[in-house]
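# Fold and geometry: a report
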Amino acid sequence: MSDDAIRIAELAGEEDPQVHELLVELGLEDQRRYVSHPQETRRQLSARLRSAPTFVGENHIFVARDGAGSALGLSWVVLFDPGTGLEGEIAELYVRPEARGRGIAGRLVSAAADLLRTRQVTFACVWTRDNNPAALAAYRAAGFRETEQTVLTWLPLQ
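Below you will find a few notes about this structure. (Residues numbered from 1 in each chain as written. Predicted model: local features only at pLDDT ≥ 70, side-chain atom pairs only at ≥ 80, totals over all residues. Heavy atoms only, no water.)

### A word on the overall build of the protein chain
Check the secondary structure of the protein chain and you find four helices and four strands. Mapped from its N terminus to its C terminus, the protein chain presents α and β elements in the order α-α-β-β-β-α-β-α. Relative to a compact globule of 158 residues, whose C-alpha radius of gyration would be 15 Å, the protein chain shows 20 Å and is clearly more extended. Structurally, the protein chain occupies a C-alpha span of about 65 × 40 × 30 Å along its principal axes. (Helix = DSSP H or I, 4+ residues; strand = E, 2+ residues; numbered from the N terminus. Rg over C-alpha atoms; globule rule 2.2 N^0.38 Å.)

Structure (structure tokens):
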């Protein structure tokens, strides 16, 4: 088949058994690269994956307040299922400068991690900078670890 005969099209709004099988093959192949992660069988992957182009998401915001009710910090958790199982991201973590150093970030991340565990999230991530030791410490204390992944970002030009 020549490259001219290949066409690219967006998947319509229904399940496609061939696309589903591609997702299962991808999952089986990909998980072999991460030996320290739980491994799923073909059957488990097949039951979890969906090929319909749907997306379901939720926002959860945890707020730390002082005795007077003033907001001192927040952790914003996004839960979403792109068709591969429930995933999560701690999208934001912020503590007011005057409230830092009191363990608030750790408590906010702990609340977020509790939600991830309770909801049986299959994958969760956080984004931060290498020069943010307080955030790194809070994330690591909650069980987040660096992985073998390389993260590339795309930002549109202004």
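So, next bit.
### Describing the side chain of Gln 31
Here Gln 31 shows up in helix H1 (residues 17-31). By relative accessible area, which is 13% here, Gln 31 ends up buried. When sequence neighbours within four positions are dropped, the list of residues in contact with Gln 31 reads Pro 38, Gln 39, Glu 40 and Leu 45. (Buried < 20%, exposed > 50% of the residue type's maximum accessible area, 1.4 Å probe, protein only. Contact = heavy atoms within 4.5 Å.)

### Digging into helix H4 (residues 133-141)
Side chains that are three or four residues apart share a direction in an α-helix, a result of its 3.6 residues per turn. By the burial criterion, the buried members of H4 are Ala 135, Leu 136, Ala 138 and Tyr 139. The buried residues of H4 occupy one face: seen down the axis, they fall within an arc of 165°. Projecting away from the buried face of H4 at angles above 90 degrees are the exposed residues Pro 133, Ala 134 and Ala 141. Buried residues along H4 sit against strand S3 (87-95), helix H3 (104-118) and strand S4 (123-126). (Arc of directions from axis to C-beta.)

### So, the sheet that holds strand S1 (residues 56-65)
Sheet strands pair via backbone hydrogen bonds, and the direction of the pair is either parallel or antiparallel. The strand order across the open sheet built from four strands is S1-S2-S3-S4, with neighbouring strands paired in mixed fashion. The sheet is open, and its two edges are formed by S1 and S4, each paired on a single side. Pairs of neighbouring strands in the sheet enclose a mean axial angle of 20°, with direction left out of account. In this structure, strand S2 (residues 71-81) lies alongside S3, joined through eight bridges in antiparallel fashion. By the bridge assignment for S3, Ser 75 is matched with Leu 93. (Pairing = 2+ DSSP bridges. Axes fitted to C-alpha atoms, helices over the stretch in contact; angles between N-to-C directions.)

Shape is all these values report; function is a separate question.
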